[in-house]
There are 2 protein chains.
Amino acid sequence: MTPEGDDIQALIALLARLPGLGPRSARRVVLHLIRKRSGQMVQLATLLDRVATTSRECLTCGNITGGDLCAICADPTRATGEICVVEDVADLWALERARAFRGRYHVLGGTLSALDEIGPEDLGIPALIDRIPNEHVTEIILALNATVEGQTTAHYIAEALEGTGVSITGLAQGVPIGGELDYLDDGTITAALRARRRL
Amino acid sequence: MTPEGDDIQALIALLARLPGLGPRSARRVVLHLIRKRSGQMVQLATLLDRVATTSRECLTCGNITGGDLCAICADPTRATGEICVVEDVADLWALERARAFRGRYHVLGGTLSALDEIGPEDLGIPALIDRIPNEHVTEIILALNATVEGQTTAHYIAEALEGTGVSITGLAQGVPIGGELDYLDDGTITAALRARRRL
(Lines give C-alpha, C1' and ligand atoms only; values in the text may rest on other atoms or scores of the structure.)
Protein backbone atom coordinates (compact mmCIF):
# COMPACT_ATOMS: atom_id res chain seq x y z
CA MET A 1 0.00 0.00 0.00
CA THR A 2 1.34 3.40 -0.94
CA PRO A 3 0.96 6.30 1.47
CA GLU A 4 -0.80 8.35 -1.18
CA GLY A 5 -3.88 6.11 -1.55
CA ASP A 6 -5.02 4.59 -4.84
CA ASP A 7 -7.06 7.53 -6.16
CA ILE A 8 -4.35 10.06 -5.36
CA GLN A 9 -1.76 7.77 -6.94
CA ALA A 10 -3.89 7.47 -10.09
CA LEU A 11 -4.40 11.23 -10.19
CA ILE A 12 -0.64 11.83 -9.95
CA ALA A 13 0.00 9.29 -12.74
CA LEU A 14 -2.58 10.95 -14.96
CA LEU A 15 -1.24 14.46 -14.38
CA ALA A 16 2.36 13.28 -14.88
CA ARG A 17 1.47 12.34 -18.46
CA LEU A 18 0.37 15.87 -19.38
CA PRO A 19 2.76 17.94 -21.52
CA GLY A 20 5.29 19.84 -19.41
CA LEU A 21 4.53 17.89 -16.25
CA GLY A 22 6.38 14.95 -14.71
CA PRO A 23 5.96 12.81 -11.57
CA ARG A 24 7.50 15.44 -9.30
CA SER A 25 5.46 18.39 -10.56
CA ALA A 26 2.33 16.21 -10.66
CA ARG A 27 2.78 15.43 -6.96
CA ARG A 28 3.21 19.13 -6.18
CA VAL A 29 0.05 19.96 -8.14
CA VAL A 30 -1.97 17.26 -6.38
CA LEU A 31 -0.85 18.37 -2.91
CA HIS A 32 -1.62 21.96 -3.82
CA LEU A 33 -5.08 20.97 -5.04
CA ILE A 34 -5.83 18.81 -2.00
CA ARG A 35 -5.02 21.80 0.20
CA LYS A 36 -7.62 23.75 -1.81
CA ARG A 37 -9.94 20.79 -2.27
CA SER A 38 -13.22 22.52 -1.55
CA GLY A 39 -12.46 25.44 -3.89
CA GLN A 40 -10.02 25.16 -6.76
CA MET A 41 -10.09 21.36 -7.00
CA VAL A 42 -13.86 20.98 -7.31
CA GLN A 43 -13.95 23.93 -9.71
CA LEU A 44 -11.26 22.29 -11.86
CA ALA A 45 -13.10 18.95 -11.90
CA THR A 46 -16.35 20.66 -12.94
CA LEU A 47 -14.73 22.69 -15.71
CA LEU A 48 -12.76 19.73 -17.08
CA ASP A 49 -15.92 17.67 -17.21
CA ARG A 50 -17.89 20.45 -18.90
CA VAL A 51 -15.21 21.22 -21.50
CA ALA A 52 -14.75 17.48 -22.19
CA THR A 53 -18.47 17.12 -22.82
CA THR A 54 -19.13 20.27 -24.83
CA SER A 55 -16.01 20.92 -26.91
CA ARG A 56 -15.63 19.65 -30.44
CA GLU A 57 -14.14 20.75 -33.75
CA CYS A 58 -15.79 23.52 -35.78
CA LEU A 59 -17.36 21.89 -38.85
CA THR A 60 -15.92 24.58 -41.11
CA CYS A 61 -12.43 25.38 -39.85
CA GLY A 62 -11.47 22.76 -37.24
CA ASN A 63 -11.11 25.28 -34.38
CA ILE A 64 -12.36 24.16 -30.97
CA THR A 65 -15.93 25.17 -30.23
CA GLY A 66 -18.91 24.36 -28.07
CA GLY A 67 -21.32 24.26 -31.02
CA ASP A 68 -21.29 23.36 -34.70
CA LEU A 69 -19.50 26.55 -35.72
CA CYS A 70 -16.68 28.22 -33.79
CA ALA A 71 -16.89 31.82 -32.55
CA ILE A 72 -14.74 33.01 -35.46
CA CYS A 73 -16.70 31.27 -38.24
CA ALA A 74 -19.96 32.45 -36.67
CA ASP A 75 -18.78 36.05 -36.34
CA PRO A 76 -20.28 38.16 -39.18
CA THR A 77 -17.75 40.95 -38.58
CA ARG A 78 -14.80 38.72 -39.55
CA ALA A 79 -13.69 39.19 -43.14
CA THR A 80 -14.53 36.37 -45.51
CA GLY A 81 -12.33 35.85 -48.52
CA GLU A 82 -9.11 35.41 -46.54
CA ILE A 83 -8.26 32.09 -44.95
CA CYS A 84 -5.25 31.65 -42.70
CA VAL A 85 -4.09 28.00 -42.64
CA VAL A 86 -2.50 26.87 -39.36
CA GLU A 87 -1.18 23.53 -38.15
CA ASP A 88 -2.79 23.57 -34.77
CA VAL A 89 -5.43 25.28 -32.61
CA ALA A 90 -2.55 26.59 -30.46
CA ASP A 91 -1.28 28.50 -33.53
CA LEU A 92 -4.76 29.92 -34.14
CA TRP A 93 -4.84 31.12 -30.50
CA ALA A 94 -1.39 32.70 -30.91
CA LEU A 95 -2.53 34.61 -34.01
CA GLU A 96 -5.72 35.74 -32.24
CA ARG A 97 -3.72 36.96 -29.24
CA ALA A 98 -1.65 39.09 -31.62
CA ARG A 99 -4.91 40.56 -33.05
CA ALA A 100 -3.13 40.72 -36.40
CA PHE A 101 -5.67 38.91 -38.56
CA ARG A 102 -9.37 39.55 -38.99
CA GLY A 103 -10.25 36.83 -41.53
CA ARG A 104 -11.11 33.15 -41.12
CA TYR A 105 -8.93 30.13 -40.31
CA HIS A 106 -8.40 26.59 -41.42
CA VAL A 107 -6.85 24.26 -38.83
CA LEU A 108 -5.01 21.30 -40.37
CA GLY A 109 -4.49 19.46 -37.09
CA GLY A 110 -0.94 18.43 -38.01
CA THR A 111 1.44 18.17 -40.95
CA LEU A 112 1.76 15.70 -43.80
CA SER A 113 3.76 12.67 -42.79
CA ALA A 114 4.34 9.54 -44.85
CA LEU A 115 5.83 7.86 -41.78
CA ASP A 116 2.74 8.43 -39.61
CA GLU A 117 0.43 7.86 -42.59
CA ILE A 118 -1.02 11.36 -42.37
CA GLY A 119 -2.29 12.31 -45.82
CA PRO A 120 -4.10 15.38 -47.26
CA GLU A 121 -7.54 14.00 -46.24
CA ASP A 122 -6.46 13.68 -42.59
CA LEU A 123 -5.51 17.38 -42.61
CA GLY A 124 -8.76 18.54 -44.24
CA ILE A 125 -6.98 19.83 -47.35
CA PRO A 126 -9.85 18.78 -49.72
CA ALA A 127 -12.23 20.63 -47.38
CA LEU A 128 -10.00 23.71 -47.62
CA ILE A 129 -10.17 23.56 -51.43
CA ASP A 130 -13.97 23.28 -51.21
CA ARG A 131 -14.12 26.43 -49.10
CA ILE A 132 -12.53 28.56 -51.86
CA PRO A 133 -15.61 28.84 -54.13
CA ASN A 134 -18.09 28.57 -51.25
CA GLU A 135 -16.63 31.53 -49.34
CA HIS A 136 -15.36 33.51 -52.36
CA VAL A 137 -11.81 33.23 -51.06
CA THR A 138 -9.21 35.40 -52.75
CA GLU A 139 -6.19 34.79 -50.49
CA ILE A 140 -4.88 31.79 -48.57
CA ILE A 141 -2.19 32.62 -46.00
CA LEU A 142 -0.11 29.57 -45.14
CA ALA A 143 0.89 30.32 -41.53
CA LEU A 144 2.58 26.98 -40.94
CA ASN A 145 5.54 26.53 -38.65
CA ALA A 146 8.99 27.25 -40.08
CA THR A 147 9.95 23.59 -39.64
CA VAL A 148 10.71 21.02 -42.33
CA GLU A 149 7.30 19.37 -41.80
CA GLY A 150 5.45 22.69 -41.80
CA GLN A 151 7.16 23.91 -44.96
CA THR A 152 6.68 20.57 -46.77
CA THR A 153 2.98 20.74 -46.00
CA ALA A 154 2.86 24.38 -47.12
CA HIS A 155 4.44 23.44 -50.45
CA TYR A 156 1.95 20.62 -50.93
CA ILE A 157 -1.02 22.93 -50.24
CA ALA A 158 0.39 25.64 -52.55
CA GLU A 159 0.62 23.07 -55.34
CA ALA A 160 -2.85 21.70 -54.65
CA LEU A 161 -4.27 25.24 -54.89
CA GLU A 162 -2.62 25.99 -58.23
CA GLY A 163 -5.24 26.83 -60.82
CA THR A 164 -7.88 27.88 -58.27
CA GLY A 165 -6.96 31.51 -58.89
CA VAL A 166 -6.47 32.44 -55.21
CA SER A 167 -3.29 34.21 -54.22
CA ILE A 168 -1.20 32.07 -51.87
CA THR A 169 1.01 33.79 -49.33
CA GLY A 170 3.23 32.76 -46.43
CA LEU A 171 4.44 34.51 -43.27
CA ALA A 172 7.54 36.66 -43.65
CA GLN A 173 10.72 35.21 -42.24
CA GLY A 174 13.34 37.37 -40.54
CA VAL A 175 14.67 38.70 -37.28
CA PRO A 176 12.02 38.48 -34.51
CA ILE A 177 11.08 41.76 -32.78
CA GLY A 178 13.58 42.32 -29.97
CA GLY A 179 15.85 39.62 -31.45
CA GLU A 180 19.61 40.00 -31.18
CA LEU A 181 21.63 38.83 -34.18
CA ASP A 182 24.23 37.25 -31.91
CA TYR A 183 21.62 34.82 -30.57
CA LEU A 184 19.89 33.97 -33.87
CA ASP A 185 20.54 30.81 -35.85
CA ASP A 186 22.25 30.98 -39.24
CA GLY A 187 19.06 30.05 -41.10
CA THR A 188 17.16 33.02 -39.71
CA ILE A 189 20.00 35.45 -40.40
CA THR A 190 20.29 34.17 -43.99
CA ALA A 191 16.51 34.47 -44.51
CA ALA A 192 16.45 37.99 -43.03
CA LEU A 193 19.33 39.12 -45.23
CA ARG A 194 17.80 37.65 -48.39
CA ALA A 195 14.46 39.32 -47.70
CA ARG A 196 16.07 42.66 -46.76
CA ARG A 197 13.99 45.72 -47.52
CA ARG A 198 14.67 49.39 -48.27
CA LEU A 199 14.21 51.68 -45.24
CA MET B 1 -15.18 37.41 -27.43
CA THR B 2 -12.11 35.22 -27.19
CA PRO B 3 -11.57 32.37 -29.64
CA GLU B 4 -11.14 29.91 -26.78
CA GLY B 5 -14.65 30.20 -25.38
CA ASP B 6 -15.50 31.09 -21.79
CA ASP B 7 -15.17 27.62 -20.23
CA ILE B 8 -11.87 26.89 -21.94
CA GLN B 9 -10.63 30.34 -20.94
CA ALA B 10 -11.62 29.69 -17.32
CA LEU B 11 -9.96 26.27 -17.41
CA ILE B 12 -6.71 27.75 -18.71
CA ALA B 13 -6.80 30.46 -16.01
CA LEU B 14 -7.36 27.86 -13.29
CA LEU B 15 -4.56 25.58 -14.51
CA ALA B 16 -2.20 28.54 -14.91
CA ARG B 17 -2.44 29.15 -11.15
CA LEU B 18 -1.16 25.67 -10.27
CA PRO B 19 2.43 25.40 -9.03
CA GLY B 20 4.90 24.97 -11.89
CA LEU B 21 2.39 25.97 -14.56
CA GLY B 22 1.86 29.31 -16.30
CA PRO B 23 -0.47 30.63 -19.01
CA ARG B 24 1.57 29.06 -21.82
CA SER B 25 1.85 25.59 -20.30
CA ALA B 26 -1.79 25.73 -19.16
CA ARG B 27 -2.85 26.34 -22.77
CA ARG B 28 -0.74 23.40 -23.94
CA VAL B 29 -2.28 21.16 -21.28
CA VAL B 30 -5.83 22.21 -22.19
CA LEU B 31 -5.28 21.60 -25.92
CA HIS B 32 -3.72 18.22 -25.15
CA LEU B 33 -6.69 17.31 -22.94
CA ILE B 34 -9.29 18.49 -25.48
CA ARG B 35 -7.63 16.24 -28.05
CA LYS B 36 -8.12 13.37 -25.58
CA ARG B 37 -11.43 14.66 -24.28
CA SER B 38 -13.32 11.38 -24.20
CA GLY B 39 -10.53 9.51 -22.38
CA GLN B 40 -7.93 11.29 -20.29
CA MET B 41 -9.96 14.45 -19.74
CA VAL B 42 -13.09 12.77 -18.38
CA GLN B 43 -10.93 10.45 -16.28
CA LEU B 44 -9.07 13.44 -14.83
CA ALA B 45 -12.33 15.25 -14.02
CA THR B 46 -13.72 12.17 -12.28
CA LEU B 47 -10.57 11.54 -10.23
CA LEU B 48 -10.22 15.20 -9.21
CA ASP B 49 -13.81 15.25 -8.06
CA ARG B 50 -13.43 12.01 -6.12
CA VAL B 51 -10.18 13.01 -4.43
CA ALA B 52 -11.62 16.46 -3.60
CA THR B 53 -14.63 14.81 -1.95
CA THR B 54 -12.92 12.01 -0.07
CA SER B 55 -9.52 13.31 1.02
CA ARG B 56 -8.93 14.87 4.41
CA GLU B 57 -6.27 15.03 7.11
CA CYS B 58 -5.55 11.99 9.28
CA LEU B 59 -6.83 12.78 12.78
CA THR B 60 -3.63 11.46 14.35
CA CYS B 61 -0.75 12.54 12.14
CA GLY B 62 -2.09 15.05 9.58
CA ASN B 63 -1.24 12.89 6.54
CA ILE B 64 -3.75 12.88 3.68
CA THR B 65 -6.26 10.07 3.86
CA GLY B 66 -9.66 8.98 2.66
CA GLY B 67 -10.87 8.02 6.17
CA ASP B 68 -10.31 9.11 9.77
CA LEU B 69 -6.90 7.45 10.00
CA CYS B 70 -4.27 7.38 7.25
CA ALA B 71 -2.84 4.15 5.83
CA ILE B 72 0.31 4.54 7.94
CA CYS B 73 -1.43 5.19 11.27
CA ALA B 74 -3.85 2.32 10.57
CA ASP B 75 -1.05 -0.10 9.63
CA PRO B 76 -0.36 -2.42 12.61
CA THR B 77 3.00 -3.47 11.14
CA ARG B 78 4.41 0.06 11.43
CA ALA B 79 6.53 0.55 14.55
CA THR B 80 5.00 2.67 17.27
CA GLY B 81 7.32 4.50 19.59
CA GLU B 82 9.10 6.45 16.86
CA ILE B 83 7.58 9.56 15.34
CA CYS B 84 9.13 11.36 12.41
CA VAL B 85 8.08 15.04 12.33
CA VAL B 86 7.86 16.57 8.85
CA GLU B 87 6.80 19.98 7.58
CA ASP B 88 4.61 18.79 4.79
CA VAL B 89 2.83 15.78 3.28
CA ALA B 90 5.27 16.05 0.34
CA ASP B 91 8.13 15.37 2.79
CA LEU B 92 6.28 12.34 4.19
CA TRP B 93 5.86 11.02 0.64
CA ALA B 94 9.58 11.57 -0.03
CA LEU B 95 10.54 9.60 3.11
CA GLU B 96 8.11 6.82 2.20
CA ARG B 97 9.55 6.60 -1.33
CA ALA B 98 13.00 6.11 0.21
CA ARG B 99 11.56 3.27 2.36
CA ALA B 100 13.97 4.37 5.06
CA PHE B 101 11.56 4.71 7.98
CA ARG B 102 9.06 2.20 9.37
CA GLY B 103 7.59 4.23 12.24
CA ARG B 104 4.81 6.84 12.36
CA TYR B 105 4.73 10.45 11.25
CA HIS B 106 3.54 13.81 12.44
CA VAL B 107 2.83 16.38 9.72
CA LEU B 108 3.15 19.97 10.92
CA GLY B 109 1.71 21.55 7.79
CA GLY B 110 4.22 24.39 7.82
CA THR B 111 6.77 26.13 10.01
CA LEU B 112 6.50 28.60 12.87
CA SER B 113 6.20 32.15 11.61
CA ALA B 114 5.56 35.25 13.68
CA LEU B 115 5.00 37.23 10.48
CA ASP B 116 2.25 34.92 9.18
CA GLU B 117 0.91 34.39 12.73
CA ILE B 118 1.56 30.66 12.61
CA GLY B 119 2.00 29.45 16.19
CA PRO B 120 2.58 26.03 17.78
CA GLU B 121 -1.16 25.24 17.86
CA ASP B 122 -1.47 25.79 14.12
CA LEU B 123 1.27 23.20 13.55
CA GLY B 124 -0.27 20.60 15.90
CA ILE B 125 2.69 20.74 18.30
CA PRO B 126 0.49 20.30 21.42
CA ALA B 127 -1.08 17.27 19.69
CA LEU B 128 2.42 15.89 19.06
CA ILE B 129 3.25 16.25 22.77
CA ASP B 130 -0.01 14.43 23.62
CA ARG B 131 0.99 11.53 21.35
CA ILE B 132 4.14 10.83 23.41
CA PRO B 133 2.44 9.14 26.42
CA ASN B 134 -0.47 7.78 24.35
CA GLU B 135 1.75 5.91 21.88
CA HIS B 136 4.66 5.17 24.27
CA VAL B 137 6.99 7.22 22.09
CA THR B 138 10.70 6.91 22.81
CA GLU B 139 12.18 8.85 19.88
CA ILE B 140 11.11 11.90 17.94
CA ILE B 141 12.99 12.44 14.67
CA LEU B 142 12.80 16.06 13.52
CA ALA B 143 12.99 15.66 9.73
CA LEU B 144 12.41 19.32 8.97
CA ASN B 145 13.91 21.11 6.00
CA ALA B 146 17.46 22.47 6.41
CA THR B 147 16.13 26.02 6.00
CA VAL B 148 16.11 28.81 8.59
CA GLU B 149 12.34 28.32 9.14
CA GLY B 150 12.65 24.55 9.39
CA GLN B 151 15.52 24.70 11.85
CA THR B 152 13.84 27.39 13.99
CA THR B 153 10.76 25.19 14.22
CA ALA B 154 12.93 22.16 15.04
CA HIS B 155 14.59 24.08 17.89
CA TYR B 156 11.22 25.14 19.25
CA ILE B 157 9.90 21.56 19.21
CA ALA B 158 13.10 20.23 20.80
CA GLU B 159 12.68 22.74 23.64
CA ALA B 160 8.97 21.99 24.03
CA LEU B 161 9.78 18.27 24.36
CA GLU B 162 12.40 18.79 27.04
CA GLY B 163 11.46 16.90 30.19
CA THR B 164 9.23 14.39 28.37
CA GLY B 165 12.08 11.88 28.41
CA VAL B 166 11.96 11.08 24.68
CA SER B 167 15.18 11.21 22.70
CA ILE B 168 15.08 13.92 20.08
CA THR B 169 17.08 13.46 16.89
CA GLY B 170 17.52 15.26 13.58
CA LEU B 171 18.55 14.21 10.08
CA ALA B 172 22.31 14.10 9.43
CA GLN B 173 23.69 16.93 7.33
CA GLY B 174 26.45 16.37 4.80
CA VAL B 175 27.32 15.68 1.20
CA PRO B 176 24.33 14.20 -0.71
CA ILE B 177 24.88 10.81 -2.38
CA GLY B 178 26.38 11.46 -5.80
CA GLY B 179 27.16 15.04 -4.79
CA GLU B 180 30.26 16.74 -6.13
CA LEU B 181 32.09 19.06 -3.73
CA ASP B 182 32.68 21.57 -6.50
CA TYR B 183 28.92 22.11 -6.87
CA LEU B 184 28.01 22.17 -3.16
CA ASP B 185 27.38 25.34 -1.20
CA ASP B 186 29.77 26.40 1.56
CA GLY B 187 27.27 25.63 4.33
CA THR B 188 26.94 21.99 3.29
CA ILE B 189 30.70 21.54 2.95
CA THR B 190 31.24 23.07 6.39
CA ALA B 191 28.56 20.86 7.94
CA ALA B 192 29.95 17.73 6.26
CA LEU B 193 33.47 18.52 7.44
CA ARG B 194 32.37 19.20 11.03
CA ALA B 195 30.38 15.95 11.18
CA ARG B 196 33.18 13.92 9.54
CA ARG B 197 33.38 10.30 10.60
CA ARG B 198 36.08 7.68 10.84
CA LEU B 199 36.13 5.24 7.87
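If you're wondering where the values come from, they're calculated on a predicted model, not measured in any experiment.

About the criteria used
Residues numbered from 1 in each chain as written. Chains lettered and ligands numbered in written order. Predicted model: local features only at pLDDT ≥ 70, side-chain atom pairs only at ≥ 80, totals over all residues. Heavy atoms only, no water. Phe/Tyr/Trp six-rings, centres within 6.5 Å; stacked < 30°, edge-to-face > 60°. Buried < 20%, exposed > 50% of the residue type's maximum accessible area, 1.4 Å probe, protein only. pLDDT = per-residue confidence, 0-100. Helix = DSSP H or I, 4+ residues; strand = E, 2+ residues; numbered from the N terminus. Least-squares fit on C-alpha atoms with pLDDT ≥ 70 in both. Contact = heavy atoms within 4.5 Å. Core = buried A, V, L, I, M, F, W, Y, C linked by side-chain atoms within 4.5 Å. Buried area = accessible area lost by both parts, 1.4 Å probe. Salt bridge = Lys/Arg side-chain N within 4 Å of Asp/Glu carboxyl O. Polar contact = N/O pair within 3.5 Å; in protein donor to acceptor, adjacent residues only side chain to side chain. Nonpolar A, V, L, I, M, F, W, Y, C, P; charged D, E, K, R; others polar. Pairing = 2+ DSSP bridges. Right-handed = clockwise from strand over helix to strand, strands pointing away. Axes fitted to C-alpha atoms, helices over the stretch in contact; angles between N-to-C directions. Disulfide = S-S within 2.5 Å. Patch = residues over 30% accessible without salt bridge, like charges linked within 9 Å, V, L, I, M, F, W, Y side chains within 5 Å. Areas by Shrake-Rupley, 256 points an atom, 1.4 Å probe, with all protein chains shown as cover.

## Re the packing of aromatic side chains
All names here are of chain A. On inspection of all chains with the given rule, the structure shows two aromatic pairs over all chains. When the ring of F101 is compared with that of Y105, the centres are 5.3 Å apart and the planes differ by 70 degrees; the resulting orientation is edge-to-face. Here F101 matches Y105 in class, with each residue buried.

## Some details on the confidence of the model for chain A
All names here are of chain A. Residues of chain A with pLDDT of at least 70 account for 98%, and the chain-wide mean is 90. Looking at the elements of chain A, mean pLDDT is at its lowest for helix α7 (residues 186-194), recorded as 86, and at its highest for strand β4 (residues 104-107), recorded as 96. Prediction confidence for the complex, expressed as pTM and ipTM, is 0.79 and 0.80 respectively.

## Remarks on the relation of the copies chain A and chain B
Once turned by 180 degrees and shifted 0.0 Å along the axis, chain A lies on chain B with an RMSD of 0.0 Å. Put plainly, the chains are arranged around a two-fold axis. Ranked by how close their C-alpha atoms come to the rotation axis, the residues of chain A are headed by A45 of chain A, at 2.1 Å. Interface overlap between copies is the fraction of interface residues in one copy that are interface residues in the other; for chain A against chain B it reaches 100%, indicating a shared surface.

## Considering the nonpolar core
Formed by 73 residues in total, the largest nonpolar core has its most connected members in L11 and L48 of chain A together with L11 and L48 of chain B. If near-sequence neighbours (up to four positions away) are discounted, L48 of chain B is found in contact with L11, L33, M41, L44, A45 and L48 of chain A.

## Some thoughts on the interface of chain A and chain B
At the junction of the two partners, chain A supplies 50 residues and chain B supplies 51 residues. Across the interface of chain A and chain B, roughly 4900 Å² is buried in total on both sides, 71% from carbon and sulfur atoms. For the salt bridge of D7 of chain B with R50 of chain A, the shortest nitrogen-to-oxygen distance reads 3.0 Å. The tally of links from chain A across to chain B stands at six residue pairs in polar contact (both at pLDDT 80 or more). Going through the elements one at a time, α1 (6-16), α2 (23-35), α3 (37-54), β1 (56-57) and α4 (89-98) of chain A are the ones with two or more residues in the side of chain A that touches chain B. Per-element tally for the side of chain A that touches chain B: the top contributor is α3 of chain A, with 13 residues. Looking at the side of chain A that touches chain B residue by residue, the class counts come to 30 nonpolar, six polar and 14 charged.

## Remarks on unusual backbone geometry
The residue E117 of chain A is not glycine, and still its phi comes out positive at about 55 degrees. Within the element layout of this structure, E117 of chain A appears in the loop between β4 and α5 (125-134). Residue classification places E117 of chain A among the exposed residues on the basis of a relative accessible area of 71%. In this model, R99 of chain B sits at a positive phi of 50 degrees, which is unusual for a non-glycine residue. Mapping R99 of chain B onto the fold places it in the loop between α4 (89-98) and β4 (104-107). Classification of R99 of chain B by relative accessible area gives exposed; the value is 74%.

## Some points on the pairing of strand β5 (residues 139-142) of chain A
Looking along a regular strand, one sees the side chains alternate between the two faces of the sheet. Residue and element names in this part refer to chain A. The pairing of strand β3 (residues 82-86) with β5 spans four bridges and is parallel. Of the residues in β5, the one forming a bridge with I83 is I140. One ladder, built from four bridges, connects β5 with strand β6 (residues 167-170); its direction is parallel. Residue pairing across strands places E139 opposite S167, the latter belonging to β6. Where the polypeptide runs from β5 across helix α6 (residues 148-160) and back to β6, its parallel neighbour, the crossover connection is right-handed.

## Notes on the sheet that holds β3 of chain A
Residue and element names in this part refer to chain A. Spatially, four strands are ordered β4-β3-β5-β6 in an open sheet, and the strand pairing comes out parallel. The two strands at the open ends of the sheet, each matched to only one other strand, are β4 and β6. Across this sheet, the average inter-strand angle for adjacent strands is 25 degrees, counted without regard to direction. By the bridge criterion, four bridges tie β3 to β4 in an arrangement that is parallel.

## Points about the sheet that holds strand β5 (residues 139-142) of chain B
To summarise the sheet geometry, strands pair through backbone hydrogen bonds and adopt either a parallel or an antiparallel arrangement. Residues and elements named next belong to chain B. With parallel pairing, the four strands of this open sheet are ordered in space as β4-β3-β5-β6. What marks the edges here is a single partner per strand, and that holds for β4 and β6 (167-170). Across this sheet, the average inter-strand angle for adjacent strands is 25 degrees, counted without regard to direction. In the packing of α4 onto the sheet, the strands contacted are β3 (82-86) and β4, and the crossing angle to β4 comes to about 155 degrees.

## A few points about the state of the cysteines
Residues and elements named next belong to chain B. For the structure on display, the rule yields zero disulfides over all chains. Summary of cysteine pairing: C61 is not part of a disulfide, and the nearest cysteine sulfur, belonging to C70, is at 3.6 Å. The class for C61 is buried, based on a relative accessible area of 2%. When its relative accessible area of 0% is taken as the criterion, C70 is described as buried.

## Remarks on a nonpolar patch on the surface
The grouping of V175, L181 and I189 of chain A at the surface amounts to a nonpolar patch, some 240 Å² of accessible area in total. Relative to the helices and strands, I189 of chain A resides in helix α7.

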